[in-house]
Amino acid sequence: MRRLPLLLAAALTAAVLGLAGPPNASASAPPDNVVAATGDQPYASYWYPNTLLNWDPATDPDARFNRSRVPLQPRVADPALKANAGARAGEGKVVSLVSFAPTSNNPSQGSPDPRYYAFGHWQYVDTLVFWGGSAGEGLILAPNPTVIDAAHRNGVKVYGTVFFPPTAYGGQLQWVRDFVQKSGTRYPVADKLAQVARYYGFDGWFINQETGGGDSTLATEMRNALRYARSLGPVDFMWYDAMTESGSVNWQNALTSANDSFLQEGSLRTSDSMFLNFNWSTSGLDSSRTLARSLGRGEYELFAGVDTEADGYDTSVSWDALFPPGRPHTASLGLYRPEWTHNSSTDRADSYAREARYWDGANGDPSDTTTTSSWKGIATYVAESSPVTAKPFVTSFDAGQGDFYHSGGVRVSSSGWNNLSLQDVPPTYRWLVQSTGTKLKPSYDFTDAYEGGSALRLTGPLDAVNTVRLYQTRLPVAADTKLSVVLKTPSAGPTHLKAAVSFTDSPTTFTTLDLGSTTTAGWERRTLDLSAYAGRTVAQLGLQTTGTAASYDIKVGQLALYDGVVDAPAAPAAPTVLGTTDSGATSKSLRLAWTASATGAVHHYEVYRRNPDGSRTFLGATPNDSNFVPRLDRVGAETTTTLDVEAVSTEFGRSPAASTTVAWSATTDTNLALNRPATASGQCNADESAPKAVNGSVSGGTTDKWCTLTTSKWLEVDLGASRTLNRFVVKHAAAGGESATWNTRDFTVQVRDSATAPWTTAVTVTGNTAATTTHPVSLTARYVRLVITKPTQTTDPAARIYEFEAWGS
């Protein structure tokens, strides 16, 4: 009996994430001069085999927003610097199959929701598979650029997914035949797979063929198509152990004579690697290694699957069979759905704690993974790798998500967000503190930041020297190399902090440079001259504390190593609004593009709006040359809004801004539901009644909402007269500060003109995760009703609505 195979897990994913709807027949990428007609949200691309044939970068308005601009970085792994004595470098690799969002409606460039799986343990992963696909939407899923950007910045390859489900879950054998169709000597779908990967900037495809009913001829054509696709290069392919050489679907849980030709057939290389189904055994892995070697392939091209979707680090795994103690690894590791750490969590802190347990072990220390649990943590077996191999290296400890956005220590947005394109390379060691006394606690701090939405924080009683190892590196020191640290103390005074640097000629010995005292309670920069170490190569970057303090607390907002002065790139040119979509007279979404900076190495571009008072508000950022702005609000009666785009260099110097404007119509609208009579199906408590959802407030605490536990859940508002409406806005649980897992998942908005007229559905939403949702309409109505069919992201039965707004005139 095989354990949960990928087919069932994918089908369950479709059910859990609400995957439904027609396929996106146009999901590719336009050249940079194509103008979008609207300012609607762009989404990641997905197709069926035949709809993929229609993909053209010149006609898909979403495609330019789906391009990654971050190249794959090289990595190093010095065995002398591995955290865990039992971990092995250069042996078994790790592939991680992750579903970041549903197949459809997956935003291309992040979203305003700060509750997101912002994966931060890239140092243990070699390849990430962007998992998804469903019979009801599309089988071929391209990764969105935020994931590619973050992975490439960490030296991790990214694969898209091709998923052929079993017939029990909607699979059709014709789709497999469509995939291998030929035109002369060509395989047109394979041509498109290579084109998509090259254009979007990712590295390969995971092929999961679980549709039954095939024969040996179809299986042969599948192998031929894969070999043809590989010849187009450079595109990798990973094959999942399901379809066999006979054409039937029969999971081998090993490399056997029934499936080995999908890896290697004589002198012909079919795929680059194989993901073995979950029910592998010690003998099966041993025989797989022997067979792989006999084919001229390596055992580390075989990935033994471990399904953690349901139980996470409570999953039972035969670790000694895969990673035998004191002996070389038998095969590589294939992790299925490690985002369990996020999906099972109650809030962001819990998500980070679970991720640390999953990867670093029970003690939050990759050097000490001792535990009575069978799950020791991936750090027990696999040594860390680091992409920090070239200057400049700058980290602001930005996790790629936050509740605000800071630029140079100044808050430029108070809105929540996620965008992995902005994630800095996370520390190699999470966390590795050496001390003869009480160890300080490092953490990501989401209450403050110098750049982005988070910073590094060190807290605890300081009673001995603490050396915090952060990054393994390979950075040569020149005569003009500098080390810069931005830090903040609760009040002016001694920092008790030193920068700690080791060199490759003695990689475990740290040289320290004192950071002195602060003169304020704000962010301060210390720039240290490393010219005395010219000719040597930095092997580690860290921090060291000295002295004593009953309650030590310091924040580090940036750590940088660079040559010369901080360079600023040239300004981007010709910012252009490609299209706008009004969600009312006072707000709109828009698509913006520009010409990349002509000179200078750009890390990313930032988009701001100029405010009437002279300040600026951050709207978004991307390494790309186009950006989607999900919401631009009109301030007062302004007739135009100026947008600035500025380039931020890899050393975090900033260019002058390039500007464009957005015009507003002369009319204004109002929230017609504000303080109007409201009734509901029920209420959880006396102070959580229907009027709380139309009082104009979300900041009054957890009772500033309408809540109900009734089986039928509805909220109705009488606008007093028939009014012209242009949008509804619903503010869910997280808008009021509660857990994002309580945001309403499925709901409709209904309208009618009189108390006796039938209700008409104006808005239908499934699979929502956002804290605030906006729903443009064009209609007239007196009565509006919010009907909730699935109140939360979990099984929690309570509906929680902080505001239900009906905008119009």
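On a predicted model such as this, the values are computed, not experimentally measured, just so you know.

> Explain helix α3 (residues 145-153) to me, please; I cannot follow it from the model alone.
In an α-helix, one turn spans 3.6 residues, which is why side chains three or four residues apart end up on the same side. For α3, the buried fraction is high: nine of the nine residues fall into the buried class. Of the residues making up α3, those classed as buried are P145, T146, V147, I148, D149, A150, A151, H152 and R153. One or two residues past the end of α3 sits G155, with phi positive at roughly 75 degrees.

> When you look at the side chain of Q109 in this model, what are you seeing that I'm missing?
Topologically, Q109 is positioned in the loop between β2 (94-98) and β3 (127-130). Given a relative accessible area of 11%, Q109 falls into the buried group. There is a polar contact of 2.9 Å between the side chain of Q109 and the backbone nitrogen of F628. Those residues within four positions of Q109 in sequence are excluded, and the remaining contacts are F65, T146, N418, N419, T622, N624, S626, N627 and F628.

> For this particular structure, what's the right way to read the pairing of β3?
A regular strand places its side chains so that they alternate between the two faces of the sheet. Of the two faces of β3, the one carrying T127 and V129 and the one carrying L128 and F130 are both buried. Two elements, β2 and β3, share four bridges in a ladder whose sense is parallel. Counted as the bridge partner of S96 is L128 from β3. Where β3 meets strand β5 (residues 157-164), three bridges bridge the pair, whose relative direction is parallel. Looking at the pairing, V129 lines up with Y159 of β5.

> What is the right way to read the environment of A77 from this model?
For A77, the position within the fold is in the loop between α2 (49-52) and β2. By relative accessible area, which is 31% here, A77 ends up partly exposed. C-alpha of A77 to C-alpha of R88: the two residues are 11 residues apart in sequence and 10.0 Å apart in space.

> Could you clarify how one ought to interpret the side chain of K705 in this entry?
With respect to the helices and strands, K705 occurs in the loop between β38 (678-680) and β39 (706-708). Classification of K705 by relative accessible area gives buried; the value is 3%. Within the local environment of K705, its side chain forms a polar contact with the side chain of E738, the two groups lying 3.4 Å apart. Dropping the residues within four chain positions of it, K705 is found in contact with D687, E688, S689, K692, E738, R800, I801 and Y802.

> Can you walk me through the confidence of the model for the protein in this structure?
Regions with low pLDDT should not have their predicted coordinates read in detail. Confidence in the prediction for the protein averages 93 pLDDT; 95% of positions are at 70 or higher. In this model residues 1-5 is a low-confidence stretch, pLDDT under 50, and it forms 19 contacts with partners more than four residues away in sequence or in other chains. Segment residues 7-35 is flagged for pLDDT under 50; beyond a separation of four residues in sequence, or across chains, it makes 100 contacts in the model.

> Would you explain the sheet that holds strand β18 (residues 432-435) in this entry?
One key point about sheets: their strands pair by backbone hydrogen bonds, in either a parallel or an antiparallel sense. With respect to topology, five strands assemble into an open sheet ordered β18-β21-β28-β24-β25, the strand pairing being antiparallel. Single-partner strands in this sheet number two, and they are β18 and β25 (506-514). The mean inter-strand angle of the sheet, taken between neighbouring strand axes irrespective of direction, is 35 degrees. In the sheet, β18 pairs with strand β21 (residues 466-476) via four bridges, with the strands oriented antiparallel.

Cut-offs used in this document
- Residues numbered from 1 in each chain as written.
- Predicted model: local features only at pLDDT ≥ 70, side-chain atom pairs only at ≥ 80, totals over all residues.
- Heavy atoms only, no water.
- Buried < 20%, exposed > 50% of the residue type's maximum accessible area, 1.4 Å probe, protein only.
- Helix = DSSP H or I, 4+ residues; strand = E, 2+ residues; numbered from the N terminus.
- Polar contact = N/O pair within 3.5 Å; in protein donor to acceptor, adjacent residues only side chain to side chain.
- Contact = heavy atoms within 4.5 Å.
- Pairing = 2+ DSSP bridges.
- pLDDT = per-residue confidence, 0-100.
- Axes fitted to C-alpha atoms, helices over the stretch in contact; angles between N-to-C directions.

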